[in-house]
Amino acid sequence: MSVLLSTPRSSMIHIYTCSSIISRPFSIQHRISSFSPTPEPQFLLKNALKFRRFSTRAFDVDKNEVVADKDGKIEVGTQLGDSNDDGSIGVYNDEKYPSGEFVFRKYDLWESFTVKLKMLFAFPWERVKKGSVLTMRIRGEISDQLKSRFSSRLSLPQICENFIKAAYDPRIVGIYLHIEPLSCGWGKVEEIRRHILNFKKSGKFIVGYVPACGEKEYYIGSACEELYAPPSAYFQLYGLTVSASFLGGVLEKVGVEPQIQRIGKYKSAGDQLARKTISDENREMLTALLDNIYENWLDKISLAKGKKKEDIEKFVNEGVYEVGRLKENCWITDIKYDDEIISLLKERLGLPSIKTLPTVDYRKYSRVRNWSLGLTGYKDKIAIIRASGSISRTPSPLSVSGSGIIAEKFIEKIRSVRDSKVYKAVVIRIDSPGGDALASDLMWREIKLLAASKPVIASMADVAASGGYYMAMAAQAIVAENLTLTGSIGVVTGKFNLETLYEKIGFNKEIISRGRYAELTAAEQRPFRADEAELFAKSAQNAYKQFRDKAAFSRSMTVDSMEEVAQGRVWTGSDAASRGLVDAIGGLSRAVAIAKQKANIPLDEQVTLVELSRPSSSLPEVLSGLGNSIVEADTAIKELLQDMASWSEIQARMDGIMFEKLEGASYANVVLKLIKDILRSF
């Protein structure tokens, strides 16, 4: 019984931010996810109350420090940014970088002949009937990593690649896009929408179908040439809300006192455990994020529909749910069932009604190589390295292939690219809320060394905050989407005083120690002594200063300027750009264009993008691909257990998985319910 609710001795300083979630049905909710797996359910309570740790050494940097490679050529303050000569924040200048805008170029006769010749020698699984319609279903969670052909999960790079291939493929006449409820972030939604607009430049049709539609789904659908919905479609274009949940009152009732030091006034991590109400700073930050997302949505929809922004907002505020009114107000093209749309497409293609519409689905078309369409084989190569998920230093026994960022493996890729003369530049694609602070620092160092030998550009997806932003700081330029969540430069640290809880359940714990502060984090059966509390506070403050100062050097800003934008605040990409934390707004294509610019490759010259984060087929994925429905749950549980196991390490992450990371996950509510049941049992 002596280990039932024990707290491990460790440094407990963290960099992570609030776990608010913009989710369906369009609300922001807190999720409590700070726990670790053990075979005994009682241990879930212990670990639910345990803070993630953060190493102060991960951010040690002297204001005059120079980080050098073996030739002594790298300085910390060489980061490109929009700061002034005095290190203050300057005016954001988006025009200094190439836009990376997609330009559709028709093949000439020789290129067309070459493509047709290559198709003759294509593998059987790459063969597509001429006059086919590409059908894709976009729904649920979308990964920023490449997936194996056996995986049932959607992959953003493969979705985007399919749009590009379909634009140039003479066998594809158009796209039929099913858009269903999504559980990805706004960064990925923006990237998909951009590729729809790019595809339309080919002159081929793209038709959307939305049986269930909210703001995200309509955001994508509005880019389609035509948008249809069945008469019974669920439309919930009601707007966005923000909410925050707090366990402070619950923990008080069961006798648990969180003792928290929060450095950075916007660092809301830990609030859900320590507070009963939202803080003014957290309210300010979440309101700003929500306003950014809502205003962006109104702007893009008004532009797409050719309506005034005020009219779009008025329509939303009327609470329209009838599909008929959506058609009347030209929000959708028409009301049709799926089979009616199929008939419409056959009529458009001049096919008899009795014939089957020739189609190729997302999974099969993903296996069509770029080579067969003449979209690769260019002289200059740019490496793409993807880093998605929580950050850990080494793989755990519960690791699932491609489920997170393993620093050891990531560093291997970085070093192989640095030693190679094949690649002219590198784009590091980041989609991470952070994680292990030491791992983040080790990767930062390797990226910095790589940037000394060739151009390195960071491209942010849904989120690149705390440890994710730490990685991006080492690049020569940072590109983010308008609504990427980034920043979160702050520190929170704490422990739990379980004295009252132990008294209630009749539990006692005695500690024999040597050293004045030996019981600093080991003695959860009592509150901090005055000297312990003082040491804890100083340690947290020191860690924050180190993190902030390193960020200031990386972005060529003064410490005072960085302090203004740090303090644990999460920014959208557009706000981060205007404050010097990000260099340009755009997607992967813009990051590639900037990489070409810095590598002195003509912007109109085609390059070959080499994905170095190729997936490996795990047994669960193979079984899933063969139709075993149990495997997805098994994989999800393993991912969750791996993430929980990593929380026993020193952390530098956004608290939980902010803004939709857990949304739609089948295990999330189960775990939260389990924690509630355990708390209820006391």
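Draft legend 1. Molecular detail of the overall build of the protein. Scanning the protein from terminus to terminus reveals 23 helices and 27 strands. For the protein, the share of sequence-separated contacts (at least 6 apart) that also reach a separation of at least 24 residues comes to 77%. Accessible surface computed for the protein: about 28,500 Å², of which carbon and sulfur atoms make up 52%.

Draft legend 2. Region of the structure containing helix H2 (residues 109-120). Along its 12 residues, H2 runs 17 Å from first to last C-alpha, staying within 8% of the 16 Å computed at 1.5 Å per residue. With a side-chain oxygen positioned 3.2 Å from the backbone nitrogen of Trp110, the residue opening H2 is Asp108.

Draft legend 3. Main features of unusual backbone geometry. A positive phi is found at Ser466, a non-glycine position, where the angle reads about 50°. Notably, Ser556 is not glycine yet its phi reads approximately 55°, a positive angle. Position of Ser556 relative to the elements: it lies in the loop between helix H17 (530-554) and helix H18 (559-565). Given the relative accessible area of 25%, Ser556 is considered partly exposed.

Draft legend 4. Quick look at the side chain of Ser132. Examined against the element boundaries, Ser132 turns out to sit in strand S4 (residues 132-140). Residue class for Ser132 comes out buried when judged on its relative accessible area of 1%. There is a polar contact of 2.5 Å between the side chain of Ser132 and the backbone oxygen of Lys129. Look past the residues within four positions of Ser132 in its chain and what remains in contact with it is Arg171, Ile172, Val173, Gly174, Pro358 and Thr359.

Draft legend 5. The pairing of strand S20 (residues 456-465), seen in detail. Taking burial as the measure, the 10 residues of S20 include 10 buried ones, the bulk of the element. With 6 bridges joining them, strand S18 (residues 423-432) and S20 adopt parallel strand pairing. Looking at the pairing, Ile428 lines up with Ala458 of S20. When S20 meets strand S21 (residues 477-480), the two strands line up parallel, connected through 3 bridges. Across the sheet, the residue bridging to Ser459 is Val479, located in S21. Between the parallel elements S20 and S21, the chain passes through helix H15 (residues 467-472) in a crossover that is right-handed. Of the strand pairs in this sheet, S20 and strand S22 (residues 485-487) are connected by 3 bridges, and their pairing is parallel.

Thresholds, definitions, all that
Residues numbered from 1 in each chain as written. Predicted model: local features only at pLDDT ≥ 70, side-chain atom pairs only at ≥ 80, totals over all residues. Heavy atoms only, no water. Helix = DSSP H or I, 4+ residues; strand = E, 2+ residues; numbered from the N terminus. Contact = heavy atoms within 4.5 Å. Areas by Shrake-Rupley, 256 points an atom, 1.4 Å probe, with all protein chains shown as cover. Expected span 1.5 Å × (residues − 1). Polar contact = N/O pair within 3.5 Å; in protein donor to acceptor, adjacent residues only side chain to side chain. Buried < 20%, exposed > 50% of the residue type's maximum accessible area, 1.4 Å probe, protein only. Pairing = 2+ DSSP bridges. Right-handed = clockwise from strand over helix to strand, strands pointing away.

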